[in-house]
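# Residue-level structure breakdown
One-letter residues, chain by chain:
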Amino acid sequence: MVAYALSILAAGGVVVLAALLFRKVRRAEDDRDPGGPSAGHAGAMLSALFLLVFAIAIIVPWTTADAARQNTHTESQAAINAYWAADALPAEDARQVRSALRDYITFVVRDEWPLMAQGRMDPVGAARMDALRGRVGALKVSGTAQEDAKSDLLEHLGAVSTARAQRAADAAATPPDGLLLLTVLTGLVVLVFPFMAGARPRGLTLLPMLAMGGLLGFGVYLTWDISRAFDGPLAVGPAAFQAALQEFARIGGGM
C-alpha cells in the first residue's frame, strides 16, 4: 500500500513539475476552459481508467463463477461415476457406499450450500468424504471384478475430493484486494470531474449527468454484488448436485 501511495505522489509531482516548466514557455497559454485541452485530456484518461478497472471488476467474478459452475458438474459427475462403480462390490458394501454417497450429496445441497454464499465450507462434508474413502480402502474384496470396482471407486472418490477442494477455493475467491475500492474511487472521480474542471451544468444539461451517475452507481454496486461465486446475481446453484440425486434414484435407489 505504501508503494501505491508513493506512485500516486510521484505521478502528481510530475504533473506539478510539468505545469511549472511549461508555464515558462512563451507560446504556452493558460487553459481555464472546462472544455479545453487540459480538461478534455484528463477527462478522457479518467474515463479510460474507470472503464479498465470496471471491466476487470466484472470479468474476474464472471470467470470465477463460470469455472465454479463447471466444477460443480465435475464433482457431481464423479459422484455419479462412484455410484455406478459401487455396483460391482459385494451387495452389503455396495448398499453402504451408495447410501453414503447419497447422504454426502444431500448434505452438500441442503446444509453446505448456504454457507458457501458466505465464502466458507462445512468441515463436516470433508470429514464425510474422508471417512467414505477410508471405508472403501479397507474393504475386503475378492476376484478381479471386485478389485477393479474398488480401484475405480477409489479413483472416482478421489476426483470428488479434488473437485470439493476446488469448490472450497471458488467459494472463498474474491476480486483482488483494492479492486472494488478503486472502482468506487474512479467512478466518483468520473462523476465529479466536470465540476472540478469548472463546468456548472444547469437545467436540462443536468439530465445527462444524472443518467451517468445512476448508471455508474448501478455498475459499481454490481461489481460488489457479484464478488462471490455462490452469492449474488451470478450465484452458482446446486443444480448439478440435485441432478446427481435424481441420477442416483434412476440408477437404483433401492440399494
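Residues numbered from 1 in each chain as written. Predicted model: local features only at pLDDT ≥ 70, side-chain atom pairs only at ≥ 80, totals over all residues. Heavy atoms only, no water.

## Details of the overall build of the chain
In terms of regular secondary structure, the chain is built from 8 helices and 0 strands. Secondary structure elements in the chain, listed N-terminal to C-terminal, are α-α-α-α-α-α-α-α. Within the chain, residue pairs in contact and separated by at least 24 positions form 79% of the contacts whose partners lie at least 6 positions apart. Carbon together with sulfur atoms contributes 65% to the accessible area of the chain, which is approximately 14,900 Å² in total. (Helix = DSSP H or I, 4+ residues; strand = E, 2+ residues; numbered from the N terminus. Contact = heavy atoms within 4.5 Å. Areas by Shrake-Rupley, 256 points an atom, 1.4 Å probe, with all protein chains shown as cover.)

## With respect to the UniProt feature "transmembrane region" (unreviewed entry) in the chain
UniProt annotation of "transmembrane region" (unreviewed entry) refers to residues 6-22, 43-62, 179-197 and 204-224 when read in the numbering used here. End-to-end, the C-alpha atoms of residues 204-224 are 31 Å apart, and along that stretch the chain is 90% helix and 0% strand. (UniProt positions renumbered as here; feature names shortened; annotations may be inferred.)

## Regarding the side chain of R164
For R164, the location among the structural elements is in helix α5 (residues 144-172). A polar contact of 3.0 Å, which involves the side chain of R164, links it to the backbone oxygen of D122. (Polar contact = N/O pair within 3.5 Å; in protein donor to acceptor, adjacent residues only side chain to side chain.)

## Considerations on a negative patch on the surface
Together, E147, D148, D152 and E155 make up a negatively charged patch on the protein surface. Checked against the element boundaries, E147 lands in helix α5. Since its relative accessible area comes to 40%, E147 is described here as partly exposed. (Patch = residues over 30% accessible without salt bridge, like charges linked within 9 Å, V, L, I, M, F, W, Y side chains within 5 Å. Salt bridge = Lys/Arg side-chain N within 4 Å of Asp/Glu carboxyl O. Lys, Arg positive; Asp, Glu negative; His and termini not counted. Charge placed at Lys NZ, Arg CZ, Asp CG, Glu CD. Buried < 20%, exposed > 50% of the residue type's maximum accessible area, 1.4 Å probe, protein only.)

## Observations concerning helix α6 (residues 179-196)
Taking 1.5 Å per residue, 18 residues should reach 26 Å; α6 reaches 24 Å between its end C-alpha atoms and fits that length. Within the sequence span of α6, burial applies to L179, T183, T186, G187, V190 and F193. (Expected span 1.5 Å × (residues − 1).)

## Quick look at the packing of helix α3 (residues 91-116) against α5
Where α3 meets α5, the axes come as close as 13 Å, and the angle between the chain directions of the two elements is 5 degrees. As judged from the angle between their axes, α3 and α5 are roughly parallel. Across from V97, L101, Y104, V108, E112, W113 and M116 in α3, the residues of α5 making contact are L153, L157, V160, R164, R167 and A171. A breakdown of the residues in the contact of α3 with α5 according to their chemical character gives 10 nonpolar, no polar and 3 charged. (Axes fitted to C-alpha atoms, helices over the stretch in contact; angles between N-to-C directions. Parallel < 35°, antiparallel > 145°, perpendicular 65-115°, else oblique. Nonpolar A, V, L, I, M, F, W, Y, C, P; charged D, E, K, R; others polar.)

## Points about the side chain of T72
Relative to the assigned elements, T72 resides in helix α2 (residues 37-85). Within the structure, the side chain of T72 is placed 2.6 Å from the backbone oxygen of R69, a separation counted as a polar contact.

## Regarding a nonpolar patch on the surface
There is a patch of nonpolar side chains on the surface, built from V192, F195, M196, L204, L206, L207 and L210 and spanning about 720 Å² of accessible area. Broken down by secondary-structure element, the contributors of at least two residues to the nonpolar patch are α6 and α7 (206-225). With respect to the helices and strands, the residue L204 is situated in the loop between α6 and α7. Take L204: its relative accessible area is 70%, and that puts it in the exposed class.

## A few points about the nonpolar core
In terms of nonpolar packing, the biggest core is built from 41 residues, with L89, V97, L101, L153, L157 and F230 touching the most fellow members. Those elements giving two or more residues to this core turn out to be α2, α3, α4 (123-137), α5 and α8 (239-252). Of the residues forming this core, the biggest block, 10 residues, is contributed by α3. (Core = buried A, V, L, I, M, F, W, Y, C linked by side-chain atoms within 4.5 Å.)

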